[in-house]
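A look at the structure
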Amino acid sequence: HNGVAGAWRLAGVCRAARRGAKEWLRKLPGIVVCGGCGGAGGVATGEVWRLDLGALLWERLPDLTAGRFAHACCAVRGGVVVLGGFVTGGGYVPSASVEILGCDSSGALGNTFNILPPLSCGSLDASVAFGIDESESDQGQVLLIGGMESSGSSSTMRKVDLAT
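Turning next to the overall build of the protein. For the protein, the count of helices and strands is two helices and 14 strands. Within the protein, buried positions represent 36% of all 164 residues. Entry remark: accessible area of the protein is about 9,100 Å², with carbon and sulfur atoms responsible for 56%.

Below, the structure written as structure tokens:
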């Protein structure tokens, strides 16, 4: 994050630096936030937003298939994958559901989230996900770390293939 903060500080110095900083920041993929729980009633949302770091503007992306919170998400093959958490309509029971907003052949994000097979490790919430080497997978792979299971908190690390 120091590179991003430094680029914006430099942008305040002069126009040439500002143009250079914005050009560099536009090359970054941006920051994506999705789902969550908010408002007075604590209702889960399915909204997805991306911050364009070059313009410092939020862009609305397609919604999740259902509102969810306490889920994990990460970038996979240029898209966004969302795993587990509590899903709207499922009560307060963790889910094993997985959905992905993939990219088309040109690299542009798709128009809808697609549902993938459920997590092979079962339901979970409050985990952290990282995209990992996915050359051996049709859909990609993620590393899930920690979270909550039916038996309580976990420090388990799981390699999950999104195709299975």
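Right, let's talk about the pairing of strand β4 (residues 48-52) for a bit. With four bridges connecting them, strand β1 (residues 31-34) and β4 associate as antiparallel partners. Considered in β4, the bridge of Ile31 is made with Leu51. Sheet topology places β4 next to strand β5 (residues 57-61); five bridges connect them, and they run antiparallel. Bridge pairing links Leu51 to Trp58 in β5. Between β4 and β5, which follow one another and run antiparallel, lie four residues, and Leu56 among them has a positive phi close to 50 degrees.

This part covers the sheet that holds β5. Taken in spatial order, the three strands line up as β1-β4-β5 in an open sheet, and their pairing is antiparallel. Sheet topology places β1 and β5 at the edges, where each strand pairs with a single neighbour. Here the strands of the sheet are splayed against their neighbours by 25 degrees on average, with no regard to which way each runs.

With that settled, the discussion passes to unusual backbone geometry. Of note, the phi angle at Arg77 is positive, near 50 degrees, even though the residue is not glycine. Residue class for Arg77 comes out partly exposed when judged on its relative accessible area of 40%. For Ala126, which is not glycine, the phi dihedral falls at a positive 60 degrees. Assignment of secondary structure puts Ala126 in the loop between β11 (114-116) and β12 (128-132). Among the residues examined, Ala126 registers a relative accessible area of 45% and is labelled partly exposed.

With that settled, consider the nonpolar core. Judged by nonpolar contacts, the single largest core of 16 residues is most densely connected at Val81, Leu83, Val98, Leu119, Val142, Leu144 and Leu162. For this core, the secondary-structure elements that each account for two or more residues are β7 (72-76), β8 (79-83), β10 (98-101) and β13 (141-149). When residues of this core are assigned to their parent elements, the largest contribution, three residues, is made by β7. Those residues within four positions of Val98 in sequence are excluded, and the remaining contacts are Val81, Val82, Leu83, Asn114, Ile115, Leu116, Pro117, Pro118, Leu119 and Leu162. Cys34, Val48, Val82 and Phe113 belong to the second largest nonpolar core, which has eight residues in total.

So, about the side chain of Ser154. Note that Ser154 resides in strand β14 (residues 152-161). For Ser154, a relative accessible area of 15% puts it in the buried group. Side-chain polar atoms of Ser154 contact the side chain of Thr156, separated by 2.8 Å. When neighbours within four sequence positions are excluded, Ser154 is seen to be in contact with Gly146, Gly147 and Glu149.

To continue, consider a nonpolar patch on the surface. Together, Ile31, Val33 and Trp58 make up a nonpolar patch on the protein surface, roughly 290 Å² of accessible area in all. Among the secondary structure elements, Val33 is positioned in strand β1. You can call Val33 partly exposed: its relative accessible area is 40%.

As for its placement among the helices and strands, Leu51 is situated in strand β4. Distance from Leu51 to Gly30, taken between C-alpha atoms, is 5.4 Å for residues 21 residues apart in sequence.

Reading guide: rules and limits
Residues numbered from 1 in each chain as written. Predicted model: local features only at pLDDT ≥ 70, side-chain atom pairs only at ≥ 80, totals over all residues. Heavy atoms only, no water. Helix = DSSP H or I, 4+ residues; strand = E, 2+ residues; numbered from the N terminus. Buried < 20%, exposed > 50% of the residue type's maximum accessible area, 1.4 Å probe, protein only. Areas by Shrake-Rupley, 256 points an atom, 1.4 Å probe, with all protein chains shown as cover. Pairing = 2+ DSSP bridges. Axes fitted to C-alpha atoms, helices over the stretch in contact; angles between N-to-C directions. Core = buried A, V, L, I, M, F, W, Y, C linked by side-chain atoms within 4.5 Å. Contact = heavy atoms within 4.5 Å. Polar contact = N/O pair within 3.5 Å; in protein donor to acceptor, adjacent residues only side chain to side chain. Patch = residues over 30% accessible without salt bridge, like charges linked within 9 Å, V, L, I, M, F, W, Y side chains within 5 Å. Salt bridge = Lys/Arg side-chain N within 4 Å of Asp/Glu carboxyl O.

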